[in-house]
Amino acid sequence: MKPFANLSSHMVPLPFNDVDTDQIIPARYLKVTNKEGLAEGCFAGWRYASNGDLQPEFALNRPACFGAQVLLAGDNFGTGSSREHAAWALLSWGFKAVLSTSFADIFQNNAYKNGLLPVTVDQQTHQQLFSLVEEEPETRITIDLENQHLILPDGRQIDFNIDPFNKTCLLEGMDQLGFLLKHEPDISAYEQRMEGAA
Amino acid sequence: MTKPKTLFDRLWDAHVVVSGDGSPTVLYVDLHLVHEVTSPQAFSGLRARGLRVRRPDRTFATMDHSTPTTSLTLPMTDDLARKQLVQLQTNCQEFGIRLFDFESPNRGIVHIIGPELGLTQPGKTIVCGDSHTSTHGAFGALAFGIGTTEVEHVLATQCLLQERPKTFEVNFSGTPGPGVTAKDMILALIAKIGVSGGTGHIFEYTGQAVKALPMEARMTLCNMSIEGGARAGMVAPDDITFEYVAGREYAPKEQAWDKALNYWRSLPTDDEAIYHRSVSIEAGNLEPMITYGTNPGMGIPISQEIPDPAKESDPRRRDAIQKALKYMDLQPGRPLTGHKIDVVFIGSCTNSRISDLRQAAEMMRGQRVAEGVRMLVVPGSEEIRRQAESEGLDRIFLQAGAEWRYAGCSMCIAMNGDQLEPGQYAISTSNRNFEGRQGKGGRTFLASPLTAVASAIHGQITDPRLLLS
């Protein structure tokens, strides 16, 4: 996993609460044994109408949104299924961070594991960001993970919280499996304690 | 005097390998269940690192999500799905994992066969790359869904890095009236607290109405914990639990059984233990529930009218209801009963066990599926299918004009060709009514098997209590 680098980008606004992982990546895209085809599946149900036509008014289809690395989403983003393909699809599309007031547990975990940064902001900041993007679609935001702040175009700085372990993992591009494997002696000791006695 | 503990506290504490100290806890996983959709990339990851599966004896796999329900023999017409299933076979063979594949009489939906085989037991930590892993919490296990990267972690180390969640007591007092099932109880909870109500928490279901539920109903309840935002949901083990587990293939036997029973009896929550949050619902006031919208929290008692977004003060919640009603093409203020349906689906890890099929068959007996309605009945496992056939339940469904299928996830996730056409309305005993879930443009009403069957008979959404004598 590549270390998370600070980024400066415009945002794709998705002003809907409770966006579920079936919308982020419909189940028909989950038949792969690798990570292929997920960009195509990203929000496919909303990007395309039932007859296959592209929906021009949907945010991801708007030219102004192309190349954006930040998704500005409604409350409780990523609810529903545990499919990690949701995080992979967002990354394939080009997103590096998602901003919301809250994230569903499993999705948030999956995002961290893949270097997709979930940033939690308060309701007021959330509203301000949506207003800014509505007024000026090209609004750029800078995300500084090391110092835990968002920087708005007018220079205003908004702090965000993130748990130290996930922050370190993202900054270092850390391999969590490697971290777990280092605990092999502890795992063996646990198994001995639990099963050895039988 | 030790601090009073909840069931969750006991299970968590018993599985800590390394305590988090600025980092998450390393938590041991007793049982790892695997299926074809969320595992291939995990096995590839192991292969790339030259790692083996640490505990093949604690790992069990099945085929369920994209398997056809029309036939047990490959080849399948869906080439991608077929390749994914073959990949699972290859992975299980290479890594030495027991796989319940097409040849196996025990194949079925992962959260159905775990309990069936006695793999699911009180006191265990159980994970699977599937959010409905919460089902197994019905046994007093700590069971939750994980992503594919975490599947790889568990395969390699039998452990996960986890932050300790908070606890949320969900108390159902009283006794539900006729026609009100565990499915209605859980839909009522999610309607009350919302789809993010349980985020960061695990539920413990308590109260008279929960204790009175048989095991399969407890599984229905716990199954949809994730739809209320909680990764896991638990019911304290008791004699009903022990009776269910006893004698199953992987259940402890003889001296090991006695030892296990002793341990299991020590697990329930202490009287003085404190939960971080709690909610109470009087089960006696519940009605059969039905969803009108596009997430499991958008549900109402069946006698009520579809909500009016104009009455919602929060602008984003108002927008959400408006968007949902537009997708579902429903009018606010109208009752849901009487709305036509095109398809009825009895199935999924929520409601496809033998007791669900018996309930459905009992209501269906001597009746016919209404003209123009397609009804699919998909048992949760091959074991359940055989049991149902030995009881003649299949004949009841077939005589009524319904389709009787082989086991699998089927129309819940619509990955295998069992799906809705755009615009079709389905009443479904599954767990998710998200846009397009059961087929692009498909419109889902979530409900209990009783409500689904009553609606199948009348060709429109029907209160099942009208058909109960």
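Quick caveat, the model's predicted, so the values are computed rather than measured.

## Let's talk about the sheet that holds strand β4 (residues 59-62) of chain B
Residue and element names in this part refer to chain B.
Piece 1. Taking strand neighbours across the sheet as the criterion, the five strands line up as β5-β4-β3-β6-β7 in an open arrangement whose pairing is parallel. Both edges of this open sheet fall to β5 (98-100) and β7 (142-145), since each of them pairs with a single strand only. Across the sheet, the mean angle from the axis of one strand to that of its neighbour is 20°, orientation sign disregarded.
Piece 2. With three bridges connecting them, strand β3 (residues 31-34) and β4 associate as parallel partners. Among the inter-strand pairings, His32 is bridged to a residue of β4, identified as Thr59.

## A short note on the sheet that holds strand β8 (residues 159-162) of chain B
All names here are of chain B.
Piece 1. Strand order in the open sheet formed by three strands is β1-β2-β8, with antiparallel pairing between adjacent strands. Both outer strands of the open sheet, β1 (16-18) and β8, are each paired with one neighbouring strand and no more. Ignoring strand direction, the axes of neighbouring strands in this sheet form an average angle of 40°.
Piece 2. Sheet topology places strand β2 (residues 25-28) next to β8; four bridges connect them, and they run antiparallel. Within β8, the residue paired with Tyr28 across the bridge is Cys159.

## Quick notes on the interface of chain A and chain B
Piece 1. Taken together, the contact pairs 61 residues of chain A with 62 residues of chain B.
Piece 2. For the pair chain A and chain B, the summed buried surface comes to about 4900 Å²; carbon and sulfur atoms form 57% of the total.
Piece 3. The interface formed by chain A and chain B holds 10 salt bridges in total.
Piece 4. The partner of Arg58(B) in a salt bridge is Glu195(A), with the nearest N and O atoms 2.2 Å apart.

## A closer look at empty space enclosed by the protein
Piece 1. Summed over the entire model, instances satisfying the criterion amount to two cavities of 30 Å³ or more.
Piece 2. By volume, the largest cavity amounts to about 220 Å³.
Piece 3. Along the walls of the largest cavity sit 23 residues, with His65(B), Asp130(B), His132(B), Ile413(B) and Arg437(B) positioned nearest its centre.
Piece 4. Considered as a void within the structure, the second largest cavity measures approximately 80 Å³ in volume.
Piece 5. Around the second largest cavity sit Asn76(A), Thr79(A), Gly80(A), Ala104(A), Asp105(A), Ile106(A), Phe107(A), Val195(B), Thr199(B), Ile226(B), Gly229(B) and Arg231(B), which together line it.
Piece 6. In terms of residue class, the lining of the second largest cavity is made up of five nonpolar, five polar and two charged.

## Digging into the state of the cysteines
Piece 1. Taken as a whole, this structure holds zero disulfides over all chains when the rule is applied.
Piece 2. Cysteine Cys169(A) shares no disulfide, and the gap to the nearest cysteine sulfur, in Cys159(B), comes to 16 Å.
Piece 3. With no disulfide of its own, Cys409(B) has Cys349(B) as its nearest cysteine by sulfur position, at a separation of 6.6 Å.
Piece 4. For Cys409(B), a relative accessible area of 9% puts it in the buried group.

## As for the side chain of Gln23(A)
Piece 1. Looking at the element boundaries, Gln23(A) is found in helix α1 (residues 21-24).
Piece 2. When its relative accessible area of 4% is taken as the criterion, Gln23(A) is described as buried.

## Remarks on the packing of helix α2 (residues 40-49) of chain B against helix α5 (residues 148-157) of chain B
Residue and element names in this part refer to chain B.
Piece 1. Closest axis-to-axis distance for the α2/α5 pair is 8 Å, and the angle between their directions is 50°. When the interaxial angle is binned, α2 and α5 end up oblique. When you trace α2 past α5, the crossing you get is right-handed. From α2, Gln41, Ala42, Phe43, Gly45, Leu46 and Arg49 reach across to α5, where they touch Thr148, Val151, Glu152, Leu155 and Ala156.
Piece 2. Looking at the contact of α2 with α5 residue by residue, the classes come out as six nonpolar, three polar and two charged.

## Thoughts on the pattern of salt bridges
Side chains bearing opposite charge may pair, as long as their charged atoms lie close to each other.
Piece 1. Here the structure, examined in full by the defined rule, presents 41 salt bridges over all chains.
Piece 2. Taking the shortest distance from any N to any O, the salt bridge between Glu391(B) and Arg358(B) comes out at 2.7 Å. With Glu391(B) in the loop between α13 (382-390) and α14 (393-400) and Arg358(B) in helix α12 (residues 354-364), this residue pair connects regions lying 33 residues apart in the sequence.
Piece 3. For Glu362(B), the salt bridge is made with Arg365(B), and the minimal N-O distance between the two is 3.3 Å.
Piece 4. By sharing partners, the salt bridges in this structure join Glu184(A), Glu191(A), Glu195(A), Asp30(B), Arg54(B), Arg55(B), Asp57(B) and Arg58(B) into a single network.

## Examining the nonpolar core
Side chains of a nonpolar character, in soluble globular proteins, are inclined to be buried together.
Piece 1. Counting 86 residues, the largest nonpolar core has Phe43(A), Leu71(A), Phe77(A), Leu90(A), Met375(B), Phe397(B) and Phe445(B) as the members making the most contacts within it.
Piece 2. Excluding its chain neighbours within four sequence positions, the residues that come into contact with Leu71(A) are Val12(A), Leu14(A), Phe43(A), Phe77(A), Leu90(A), Phe95(A), Ala97(A), Val98(A) and Leu99(A).
Piece 3. Membership of the second largest hydrophobic core comes to 80 residues, among which are Leu11(B), Val34(B), Cys222(B) and Ala260(B).

## Concerning the pairing of β2(B)
All names here are of chain B.
Piece 1. Side chains Thr25 and Leu27 project from β2 onto one buried face, and the interleaved Val26 and Tyr28 project onto a second face that is buried too.
Piece 2. Where β1 lies against β2, two bridges are found, and the strand directions are antiparallel. Its bridge partner lying in β2, Val16 is registered against Leu27.

## As for unusual backbone geometry
Residue and element names in this part refer to chain B.
Piece 1. In this structure, Asp329 is a non-glycine residue whose phi angle is positive, near 55°.
Piece 2. Looking at where Asp329 falls in the secondary structure, it is placed in the loop between α11 (315-328) and β15 (343-346).
Piece 3. With a relative accessible area of 46%, Asp329 lands in the partly exposed category.
Piece 4. Positive phi values are uncommon outside glycine, yet Ser348 reaches one of about 85°.

## Re the confidence of the model for chain B
Piece 1. Mean pLDDT over chain B stands at 97; residues scoring 70 or higher make up 99%.
Piece 2. The ipTM for the predicted assembly is 0.97, set against a pTM of 0.98.

## Focus: the packing of aromatic side chains
Each pair of aromatic rings is reported with the distance of its centres and the angle of its planes.
Piece 1. Following the criterion strictly, the structure yields 18 aromatic pairs over all chains and no others.
Piece 2. Centroid distance Tyr190(A) to Tyr28(B): 4.9 Å. Interplanar angle 35°. Geometry classified as tilted. Placement of the pair is Tyr190(A) in helix α9 (residues 184-196) and Tyr28(B) in strand β2, with the two residues belonging to separate chains.
Piece 3. Taken together, the ring pairs connect Phe16(A), Phe43(A), Trp46(A) and Phe58(A) into an aromatic cluster.
Piece 4. Here the basic side chain of Arg248(B) rests over the ring of Tyr244(B), its NZ or CZ set 3.9 Å away from the ring centre.
Piece 5. One Lys or Arg, Arg316(B), reaches over the ring of Phe130(A) and ends 4.9 Å from the middle of that ring.

Procedures and definitions
Residues numbered from 1 in each chain as written. Chains lettered and ligands numbered in written order. Predicted model: local features only at pLDDT ≥ 70, side-chain atom pairs only at ≥ 80, totals over all residues. Heavy atoms only, no water. Pairing = 2+ DSSP bridges. Helix = DSSP H or I, 4+ residues; strand = E, 2+ residues; numbered from the N terminus. Axes fitted to C-alpha atoms, helices over the stretch in contact; angles between N-to-C directions. Contact = heavy atoms within 4.5 Å. Buried area = accessible area lost by both parts, 1.4 Å probe. Salt bridge = Lys/Arg side-chain N within 4 Å of Asp/Glu carboxyl O. 1 Å grid on protein atoms, 1.4 Å probe; cavity = no way out; pocket = protein on both sides within 12 Å on 5 of 7 lines; lining within 4 Å. Points joined across faces, edges and corners; volume = space filled by probe spheres on them. Nonpolar A, V, L, I, M, F, W, Y, C, P; charged D, E, K, R; others polar. Disulfide = S-S within 2.5 Å. Buried < 20%, exposed > 50% of the residue type's maximum accessible area, 1.4 Å probe, protein only. Parallel < 35°, antiparallel > 145°, perpendicular 65-115°, else oblique. Left-handed = near helix turned anticlockwise from the far one by under 90°. Core = buried A, V, L, I, M, F, W, Y, C linked by side-chain atoms within 4.5 Å. pLDDT = per-residue confidence, 0-100. Phe/Tyr/Trp six-rings, centres within 6.5 Å; stacked < 30°, edge-to-face > 60°. Lys NZ or Arg CZ within 6 Å of the ring centre and 35° of its normal.

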